[in-house]
Amino acid sequence: MRVILDCDPGHDDAIAIILAASKVSPLDIVGITTVSGNVEVEKNTLNALKVCDIIGLDDVPVAQGATRPLVKESEIAEEIHGETGLDGPNLPKTPKREADSQHAVDFIIEQLHKSKEPITLVPTGPLTNIAMALVKDPSIKNKIKEIVLMGGGTFGNWTPAAEFNIYVDAEAAKVVFESGLPIRMFGLDVTHQVLATKETVGQLREIGNPVSEFVAELLVFFMQAYKDHFDFPGGPIHDACTVAHLLDPSIFEFEHVHVAIETKGEHTYGMTVVDRLGVTGREPNTHFAIGLDQERFWSLFKKAIETYSE
């Protein structure tokens, strides 16, 4: 399966990249594109390049994208991801290579048109780049196999109603969810079931390769941030759910529902209105993840990290 990872690394985005590039993965990573989200897009791009350096992903282009949301001002999440966006591990100051000169939106459009087979888009940050690509060139819809995204939920974590990725650019999310494309959504309802704990960190350190240690350090920081801000007993690896599904579709359980994006509410801006009971009568437009097989997920996670010892 050919994929483009659109992200804002971000601890959980970094882990998603690592899973996608592991030797258990059948994914062909066409490129990594970055967007303003967890921190400014320039920092997210540096982080994506540094993660590629750590895992030896040297042949995959990284293209920088939107510097801000479509309409509103930028909003970042330094309190969760730190000033760099990847606080915790001791990262090199500069990556070994520079980002692609092409803007991420143009990169996405070009790669879709060039590809002989449809490409799956995997956005794990705000949906600005994806929306801009769809608006700039609607003909790309025919080349997109599916959009597998992390965002939203039936409750929020940035406001009581809205999850961070959707809240940052709800207008972009509205474009994507109303595009008519197949969408698979991993929201907080399921990602909050995927908690990394001290036991997870211990198992990673037992693996004993540089990548497992890097992921362990990511999780130590991320777990503490979630303890401090939400009193969680572990760190939810939100974005890794998208890639885990692509590696093993049997892990997650879905409902086919209609999801609408709220862009006008005073208290509900950025809310994903998930019609699980079918009360609106609208045609389903999203496969909405509701549960998972914990054992299969963590087994896959561990196996993927172990392959970096080979």
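Just so it is clear, the model here is predicted, and its values are computed rather than measured.

Asks: Can you tell me about the side chain of histidine 11, naming the residues and giving the values?
Replies: Looking at where histidine 11 falls in the secondary structure, it is placed in helix 1 (residues 11-21). Within the structure, the side chain of histidine 11 is placed 3.0 Å from the side chain of histidine 81, a separation counted as a polar contact. Leaving out residues up to four positions away in the same chain, histidine 11 has contacts with His81, Gly85, Leu86, Asp87, Leu218, Phe221 and Phe222.

Asks: So what's going on with the pairing of strand 5 (residues 144-150)? Which residues, and what values?
Replies: Among the seven residues that make up strand 5, six are buried, leaving the element largely enclosed by the rest of the structure. Pairing of strand 4 (residues 119-123) with strand 5 involves three bridges; the strand directions are parallel. Note that in strand 5 the partner of isoleucine 119 across the bridge is isoleucine 144.

Asks: Give me helix 7 (residues 170-177): which residues, what numbers.
Replies: Counting buried residues along helix 7, six of its eight residues qualify, which places the element largely inside the surrounding structure. Every buried residue of helix 7 is listed here: Ala170, Glu171, Ala172, Ala173, Val176 and Phe177. The elements touched by buried residues of helix 7 are helix 5 (128-136), strand 5, helix 6 (164-168), strand 6 (183-186), strand 9 (252-261) and strand 11 (286-292).

Asks: Explain the pairing of strand 6 to me, using residue names and the numbers behind them.
Replies: Neither face of strand 6 is left uncovered, since the one carrying Ile183 and Met185 and the one carrying Arg184 and Phe186 both have all their residues buried. Summarising the sheet, strand 5 and strand 6 pair through four bridges and their orientation is parallel. By the bridge assignment, leucine 149 is partnered in strand 6 with methionine 185. Looking at chain direction, strand 6 and strand 11 are connected through two bridges and run parallel. Bridge assignment links methionine 185 to a residue of strand 11, and that residue is phenylalanine 288.

Criteria and thresholds
- Residues numbered from 1 in each chain as written.
- Predicted model: local features only at pLDDT ≥ 70, side-chain atom pairs only at ≥ 80, totals over all residues.
- Heavy atoms only, no water.
- Helix = DSSP H or I, 4+ residues; strand = E, 2+ residues; numbered from the N terminus.
- Polar contact = N/O pair within 3.5 Å; in protein donor to acceptor, adjacent residues only side chain to side chain.
- Contact = heavy atoms within 4.5 Å.
- Buried < 20%, exposed > 50% of the residue type's maximum accessible area, 1.4 Å probe, protein only.
- Pairing = 2+ DSSP bridges.

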